[in-house]
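# Close look at the chain arrangement
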Amino acid sequence: MANLDMPVSKLDGIGKVKDAAFEKLGIRTLRDLIYHFPTRYENRGVVTPLAEGKAGMTQSYILTVSTEPKMARLRGSMTVVKFRAFDDSGSVEIVYFNQPYMRDKFHVGETYRFYGKLTEKLGRYSLASPVAELYKEGEPLPDLYAVYRLSPPLNKRVLRECVSQALALCKSELYDTVPSDIRSKYSLASLSFALENIHIPETLDALDRAARRLAFDELFETALAVRLMRKKQTKAFATRMVNTDISPFIKTVPFELTGAQKRAVNDIVTDLSAGEGSDAPRMSRILVGDVGCGKTVCAAAAVFMAVNNGTQALIMAPTEILASQHHADLAPQFVVLGYRVEKLTGSTTAAEKRRIKAGLSDGSIDIVIGTHALIEDDVTFRALGLCVCDEQHRFGIAQRAKLLEKSPRAHMLVMSATPIPRTLSLVLYGDLAISRIDEMPAGRQKVDTVYVNENYRTRLNGFIDKQLAEGGQIYVVCPAVEQVEDDADDGAATVSVFDIGAQPPLKSAVEFSAELAERFPRANVAYIHGKMRPAEKNDIMSRFVSGDIKLLVSTTVIEVGINVPNASLMIVENAERFGLSQLHQLRGRVGRGTRKSYCVLVSDTEGEVARQRLKLMTKTNDGFVIAEEDLKMRGPGDFLGTDGARQSGVGGNYRMAALCQDPAIPEAAGEAAAAVLERDPTLSSPEFAPLRARLSRAMSASETTMN
Ligand code: ADP
Ligand code: MG
């Protein structure tokens, strides 16, 4: 067995209990372990003079031992070892609890680099259980130590040790997946360098190069998978829809389509009716446009075309909430036109499911709207002619492939409200045909956006009072769910893979909603976040929709698709933590009705780039402009990153690419994927064997990574 496939339980020091903990982290083999990337790094290289140390901060100090360690017994079997150490600026007591062997480790006159948290009691400072490394002039110690997502009893030390073992065992097997000419063209580190340095970085620079390479890989592999999939797909034929008269549908639409909508509908009708006889080349089109631009009606026109030509249509959305909303929007319209519409999601009862599945396979149901429950194996269709996939990037590539399999003669229409930069859309969508809806329905008001800091809080509260008094509703978005005790936030000297610098503390939805409930007792303040049960979320959302809840605090779960026309104010706390496109989407939650609407971005950030980004939000409402600028300022990370905006890559979620701040990476990945497939369209030459192996493994892995 190759070492990479070796179970982690074979490593030294890993018994049943630790093996189970690894399992919890999703780590079974050495390969999994090597691809379990650190979340950040202790930076022990920044040495602080004792006199400048602050209580509560985790830092490095270079200190010489000045008293012999003494051990005392405390209550029960507890022990404490204490001694003093000093540098040029002061001295401190060093304390180890329950580590009696520490008494014999340290000796007067020896110098160590201590990394730990300084504590203060009654004016006396001590360092509690610091990491100690013997320090010798002229023998530099490593600066950076990886910190990982853990599961007890695995700790940092055990994980680091296991990773080192794994890297040593697998060294000769880390064949590079990227051909060397492409590596040199884009100045990419080798795979073995990257994997070693992401875990055991020699320097900050090496870490940066490692992270950049691994970010590239994630996007490169996605770009390849998308292209390979699409190649299969475009070869296929789908049902040609000969009857192009959609006027019966258009007559049921209560408004005049915008120019952009008409163009999009035209594109679709042309695609669906192209070809000869009963075959049309399969349509693969993406409909991109800001929230509220009216994509649904365009998709509905396509659905009409499909059912009016005797086939069935499917609409798949990434969440239950979105599926329900589509169903509520579209069902009445199509029922009037004489079609049968059903909804199928994870929470559909078993009996209902059976009934719907029967109706889909015998063709008595024309249109089905749902979540990924639609691609379960036993859902079959009599004649599926069209698949509409909303926010497709949130489905794993394997799920998209499965959707295609299910519908060998169906056309594909994808919708996305996330205007993403062109280079990134090439990676994520390959060469899908694009219809951009870059025009808002008439009468849509502009949302006034302001950017303020904490000093504005009192006035902001007054503004909330005013909105409430006028009958408006309010969203408050926080970046975190709950306050978490994380040693990253105690000021520890750590660096992230791509350093983002110091950040103001995080507001969390749960705690902040309590504060707001006290301040606005009549607003029925409630909160909603992604960790709540779907039933709970649905309940809160419907109470917000009905106007019972007037102020809703949330994480970004409300980001996609929700429509509450009465909402007039969107407040985003810690706005610096969000991607601009994400902020833009959040802003799109208000201004959907007749009320004059506002978006307030609250941030105390001192970072110059962060401030510029927030200022940009106050200047433009164009999602495409914002996306391009955001890519330039922050790299692709925000488009791939957190929560609501999360995108699924070929191997599941993006880990490195989501942190990457290099705007050139997506372009490089897209270009490289095209170049590689040009050279070898099926990747079957020996040169691409490692890449092929990695892709097929990632494809099967991403099958299991849906929310
Ligand atoms: P999104 O593109 O975000 O999915 P929707 O399709 O949900 O946007 O449309 C948002 C709202 O705008 C809906 O209430 C829809 O009925 C309305 N709408 C769409 N197109 C027009 C139009 N051309 N004129 C007026 N209202 C429209
Ligand atoms: Mg929509």
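Given the structure is predicted, the values throughout are model-derived calculations rather than measurements.

## Points about unusual backbone geometry
Each neighbour pair has its own omega, and for proline 152 with proline 153 the value is 5°, a cis peptide bond. Examined against the element boundaries, proline 153 turns out to sit in the loop between β8 (144-147) and α4 (156-170). Even without a glycine there, the phi angle at serine 129 is positive, about 40°. We classify serine 129 as partly exposed; its relative accessible area is 36%. In the Ramachandran plot, leucine 683 falls in the positive-phi region, its phi being about 55° despite a non-glycine side chain.

## Comments concerning the site of ligand 1
With respect to spatial proximity, 15 residues lie near ligand 1, and among them Glu256, Gly292, Lys295, Thr296 and Arg444 are the closest. With respect to ligand 1, the backbone of glutamate 256 contributes an N or O atom lying 2.9 Å from a nitrogen atom. Lysine 295 places a polar side-chain atom, nitrogen or oxygen, 2.7 Å from an oxygen atom of ligand 1. Notes on ligand 1: free accessible area 560 Å², of which the protein chains cover 73%.

## Describing the sheet that holds strand β21 (residues 526-528)
Spatial ordering of the open sheet is given by β18-β24-β23-β19-β22-β21, a layout of six strands whose pairing is parallel. The strands lining the two open edges of the sheet, one partner per strand, are β18 (448-452) and β21. The average undirected angle you get between the axes of adjacent strands in this sheet is 20°. As defined by bridge partners, β18 adjoins strand β24 (residues 598-602) across five bridges and the pair is classed as parallel. Counterpart to tyrosine 451 in the pairing with β24 is leucine 601. The sheet contacts of helix α15 (residues 457-469) involve β19 (473-477), β22 (551-554), β23 (567-572) and β24, and relative to β23 the element is tilted by about 160°. Taken strand by strand, helix α19 (residues 608-619) contacts β18 and β24, and its axis lies near 155° from that of β18.

## A look at the environment of glutamate 342
Within the secondary structure, glutamate 342 sits in strand β13 (residues 341-344). Sequence separation between glutamate 342 and leucine 4 is 338 residues, and the spatial gap between their C-alpha atoms is 47 Å. Setting aside anything within four residues of it in sequence, one finds glutamate 342 in contact with His327, Arg355, Ile356, Ile365, Ile367, Val368 and Ile369.

## Some remarks on the nonpolar core
One recurring pattern in soluble globular proteins is that nonpolar side chains are buried together. Ranked by size, the top nonpolar core spans 76 residues in total, and within it Phe22, Leu33, Leu195, Ile198, Phe216, Leu219 and Phe220 carry the most contacts. For this core, the two domains that each supply at least three residues are domain 1 (1-42 + 148-169) and domain 3 (238-437). Ignoring sequence-local partners within four residues, the contact set of leucine 219 consists of Leu424, Val427, Leu640, Tyr654, Ala657, Ile665, Pro666 and Ala669. Core analysis: the second largest hydrophobic core is formed by 39 residues, Val269, Leu272, Met283 and Leu386 among them.

## Focus: the layout of surface pockets
Roughly 770 Å³ of internal volume is contained in the second largest pocket. Considering the residues around the second largest pocket, the lining is formed by 31 residues, among which Gly294, Lys295, Thr296, Asp329 and Arg592 are closest to the centre. The set of elements that each furnish at least two residues to the lining of the second largest pocket consists of α10 (295-308) and α11 (320-336). Residue contributions to the lining of the second largest pocket peak at six residues, all from α11. Here the residues of the lining of the second largest pocket are counted per class, giving 13 nonpolar, 10 polar and eight charged. Counting the residues that make up the lining of the second largest pocket, at least three belong to each of domain 3 (238-437) and domain 4 (448-620).

## Structural notes on the side chain of histidine 36
Position of histidine 36 among the secondary structure elements: in the loop between α2 (30-34) and β1 (40-43). For histidine 36, a relative accessible area of 6% puts it in the buried group. Among the polar contacts listed, one links the side chain of histidine 36 to the backbone oxygen of arginine 149, at a separation of 3.2 Å. Not counting chain neighbours up to four residues away, the residues in contact with histidine 36 comprise Leu25, Ile27, Tyr148, Arg149, Leu159 and His199.

## Topic: the domain arrangement of the chain
Structurally, the chain comprises domain 1 (1-42 + 148-169), domain 2 (45-141), domain 3 (238-437) and domain 4 (448-620). Here domain 3 and domain 4 have C-alpha centroids that lie 32 Å from each other. Contacts between the two partners involve 11 residues from domain 3, matched on the other side by 12 residues from domain 4. When domain 3 packs against domain 4, close to 970 Å² is buried across both sides, 58% of that on carbon and sulfur atoms. If you look at where domain 3 meets domain 4, you find zero salt bridges. The tally of links between domain 3 and domain 4 comes to two residue pairs in polar contact (both at pLDDT 80 or more). In terms of residue class, the side of domain 3 that touches domain 4 is made up of five nonpolar, three polar and three charged.

Scoring rules and cut-offs
- Residues numbered from 1 in each chain as written.
- Chains lettered and ligands numbered in written order.
- Predicted model: local features only at pLDDT ≥ 70, side-chain atom pairs only at ≥ 80, totals over all residues.
- Heavy atoms only, no water.
- Helix = DSSP H or I, 4+ residues; strand = E, 2+ residues; numbered from the N terminus.
- Buried < 20%, exposed > 50% of the residue type's maximum accessible area, 1.4 Å probe, protein only.
- Near = heavy atom within 4 Å.
- Polar contact = N/O pair within 3.5 Å; in protein donor to acceptor, adjacent residues only side chain to side chain.
- Areas by Shrake-Rupley, 256 points an atom, 1.4 Å probe, with all protein chains shown as cover.
- Pairing = 2+ DSSP bridges.
- Axes fitted to C-alpha atoms, helices over the stretch in contact; angles between N-to-C directions.
- Contact = heavy atoms within 4.5 Å.
- Core = buried A, V, L, I, M, F, W, Y, C linked by side-chain atoms within 4.5 Å.
- Domains from an automatic or database assignment.
- 1 Å grid on protein atoms, 1.4 Å probe; cavity = no way out; pocket = protein on both sides within 12 Å on 5 of 7 lines; lining within 4 Å.
- Points joined across faces, edges and corners; volume = space filled by probe spheres on them.
- Nonpolar A, V, L, I, M, F, W, Y, C, P; charged D, E, K, R; others polar.
- Buried area = accessible area lost by both parts, 1.4 Å probe.
- Salt bridge = Lys/Arg side-chain N within 4 Å of Asp/Glu carboxyl O.

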